[in-house]
Amino acid sequence: MTFPQAVALYLKAGKSDNYLGKIEDYWKDAKVKDMTAGAIKQSAPVLYPGCSGATWNRQVITPTQAVINHCAELEKCAFVRIKRFDFDETVKTPVDQLWLDTFLLYARPVIKALVLVMYATACRFCEAHRLNWKTDIDFARRTIKIRDTKTGKQRTAHMPQPALVALANLPRERQPYTQGNAYLERPFWRSESTLRNYWDQDVAKAAEAEPGFERLTFHCCRHGFATTMLRKGTDPKTAAHLGGWDDIALFMETYAHAMQDPTLTDKLFGTELTQAEEHNEQNQQLTKKR
């Protein structure tokens with residue numbers, strides 16, 4: 001079996017086609033049995049020269065292994081295990097309301113809808129990319145069905161008003177995304193690379209117009225959901241449930257970001273302004289008594 005034949009079986013099962021175009025071209029004449037773990041790792045810097053280990057893992061190792069192991073489950077080849085590339089994991093800055101409001105001034109409609117959906121539901125980019133107008137989005141009930149998640153569980157998320165309006169304003173464009181014989185209608189039908197380019201362009205536009213505007217990534221929206229929910233008083237278990245996290249420890253360790261303002265301890269005695277005013281009043285009363 002050739003790798004393109006393996007890809008066809010993978011897509012026929014309704015799996016994601018993310019990143020597979022370049023990989024399939026690279027291995028177009030290769031038999032799956034000849035694709036060793038070492039050869040697959042060597043393909044990563046060829047396909048994405050100059051990128052980080054995190055990019056190679058996400059855009060080469062994971063999808064290639066997923067295709068081969070799907071066929072292995074069908075008993076058409078052997079399973080493959082591939083050691084991931086090492087990389088320095090940077091701490092994500094969470095999207096907050098100020099960043100979001102600024103970005104929305106410069107984002108094109110499809111990116112505006114995408115950032116609002118991801119921030120409002122904590123869905124990952126790949127989950128948003130798969131959304132289907134007919135089966136996943138219910139404007140009457142204001143819900144979004146998030147399926148094929150990283151944990152394999154489907155969930156239904158509430159759609160806050162800003163996300164609902166942004167989605168409703170997108171055109172209903174029909175694009176043939178073949179998965180088996182199905183034709184899917186998607187709000188975010190463009191390829192991942194196109195949407196990432198749009199995002200980068202819109203972020204650059206905002207950064208040029210607004211000094212100090214930070215260039216955040218798609219995944220910062222998921223961090224923003226967690227952090228904002230907690231800072232607005234939602235308990236961790238509820239916030240994790242609403243965002244689709246099963247592991248609360250992971251949720252708190254990775255996605256909940258501490259505020260960096262040391263003066264927050266003033267809240268122990270009221271706000272700084274309130275405390276100063278009360279202190280002055282007390283001093284004035286003591287002076288009058290004396």
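Structure's up top.
The sections below set out a description of the structure shown in this document. Only a predicted model underlies this, so the values are computations on that prediction, with no experimental measurement involved. (Residues numbered from 1 in each chain as written. Predicted model: local features only at pLDDT ≥ 70, side-chain atom pairs only at ≥ 80, totals over all residues. Heavy atoms only, no water.)

Examining the environment of Thr-55
- Among the structural elements, Thr-55 can be located in helix 4 (residues 53–73).
- For Thr-55, a relative accessible area of 14% gives the class buried.
- In this structure, the C-alpha to C-alpha distance between Thr-55 and Pro-45, residues 10 residues apart in sequence, is 9.7 Å. (Helix = DSSP H or I, 4+ residues; strand = E, 2+ residues; numbered from the N terminus. Buried < 20%, exposed > 50% of the residue type's maximum accessible area, 1.4 Å probe, protein only.)

Digging into helix 5 (residues 97–104)
- Those residues of helix 5 that sit buried are Trp-99, Leu-100, Thr-102, Phe-103 and Leu-104.
- Buried-residue contacts for helix 5 involve helix 6 (109–121) and helix 10 (192–209). (Contact = heavy atoms within 4.5 Å.)

Here we look at the pairing of strand 2 (residues 143–146)
- Along strand 2, the buried face is formed by Ile-144 and Ile-146; none of Thr-143 and Lys-145, which line the opposite face, is buried.
- For strand 1 (residues 137–138) and strand 2, the ladder comprises 2 bridges, and the chain directions are antiparallel. When the sheet's bridge partners are listed, Asp-138 is paired in strand 2 with Thr-143.
- Linking two consecutive strands that pair antiparallel, namely strand 1 and strand 2, is a turn of 4 residues; a positive phi of about 60 degrees is found at Arg-142 within it.
- Judged from the 4 bridges that link them, strand 2 and strand 3 (residues 155–158) form a sheet pairing that is antiparallel. When the sheet's bridge partners are listed, Ile-144 is paired in strand 3 with Ala-157. (Pairing = 2+ DSSP bridges.)

Some points on the pattern of salt bridges
- Under the defined criterion, the tally for this structure stands at 7 salt bridges.
- Among the ionic pairs, Arg-108 bridges to Asp-202, the shortest N-O distance being 2.9 Å. Taken as a pair, Arg-108 in the loop between helix 5 and helix 6 and Asp-202 in helix 10 lie far apart in primary sequence, 94 residues in all.
- Under the relative-accessibility criterion, Asp-202 is labelled buried at 0%.
- Its salt-bridge partner being Asp-246, residue Lys-153 comes within 3.3 Å of it at the nearest N-O pair. One end of the pair, Lys-153, is in the loop between strand 2 and strand 3; the other, Asp-246, is in the loop between helix 12 (236–243) and helix 13 (248–255), and 93 residues separate them in sequence.
- Residue Lys-153 is classed as partly exposed on the basis of its relative accessible area, which comes to 49%. (Salt bridge = Lys/Arg side-chain N within 4 Å of Asp/Glu carboxyl O.)

Notes on unusual backbone geometry
- Residues other than glycine seldom take positive phi values, yet Glu-75 does so here, at roughly 65 degrees.
- Counting through the fold element by element, Glu-75 comes out in the loop between helix 4 and helix 5.
- With a relative accessible area of 74%, Glu-75 lands in the exposed category.
- Although it is not a glycine, Ala-122 sits at a positive phi angle of roughly 65 degrees.
- Looking at the secondary structure, you find Ala-122 in the loop between helix 6 and helix 7 (125–129).
- Among the residues examined, Ala-122 registers a relative accessible area of 0% and is labelled buried.

Considering the state of the cysteines
- Under the definition given, this model contains 0 disulfides.
- Free of any disulfide, Cys-126 has its nearest neighbouring cysteine sulfur in Cys-123, separated by 8.6 Å.
- Residue Cys-126 is classed as partly exposed on the basis of its relative accessible area, which comes to 28%.
- Cys-221 takes part in no disulfide bond, and the closest cysteine sulfur, belonging to Cys-220, lies 7.2 Å away. (Disulfide = S-S within 2.5 Å.)

Considerations on the nonpolar core
- The biggest cluster of nonpolar side chains holds 42 residues, and the ones touching the most others in it are Phe-103, Val-115, Leu-167, Phe-188 and Trp-199.
- Of all the secondary-structure elements, those providing two or more residues to this core are helix 5, helix 6, helix 7, strand 2, helix 9 (161–168), helix 10 and helix 11 (220–231).
- Here this core takes 10 residues from helix 6, the largest share from any one element. (Core = buried A, V, L, I, M, F, W, Y, C linked by side-chain atoms within 4.5 Å.)

Topic: the environment of Ala-206
- By secondary structure assignment, the location of Ala-206 is in helix 10.
- Taking C-alpha positions, Ala-206 is 7.8 Å from Leu-105, a pair spaced 101 residues apart along the chain.

Concerning the packing of aromatic side chains
- Per the stated rule, a full pass over the model turns up 13 aromatic pairs.
- Geometrically, the ring pair formed by Trp-199 and Phe-218 is tilted, given 4.5 Å between the ring centres and 55 degrees between the ring planes. Of this pair, Trp-199 sits in helix 10 while Phe-218 sits in the loop between helix 10 and helix 11, placing them 19 residues apart in sequence. When sorted by exposure, Trp-199 lands in the same class as Phe-218, which is buried.
- Chaining the aromatic ring pairs together yields one cluster made of Trp-99, Phe-103, Phe-125, Trp-199, Phe-213 and Phe-218.
- A cation over an aromatic ring shows up here: Arg-108 above the ring of Tyr-198, its NZ or CZ 4.2 Å from the ring centre.
- Across the ring face of Trp-133, the terminal group of Arg-172 is positioned such that the distance to the ring centre comes to 3.9 Å. (Phe/Tyr/Trp six-rings, centres within 6.5 Å; stacked < 30°, edge-to-face > 60°. Lys NZ or Arg CZ within 6 Å of the ring centre and 35° of its normal.)

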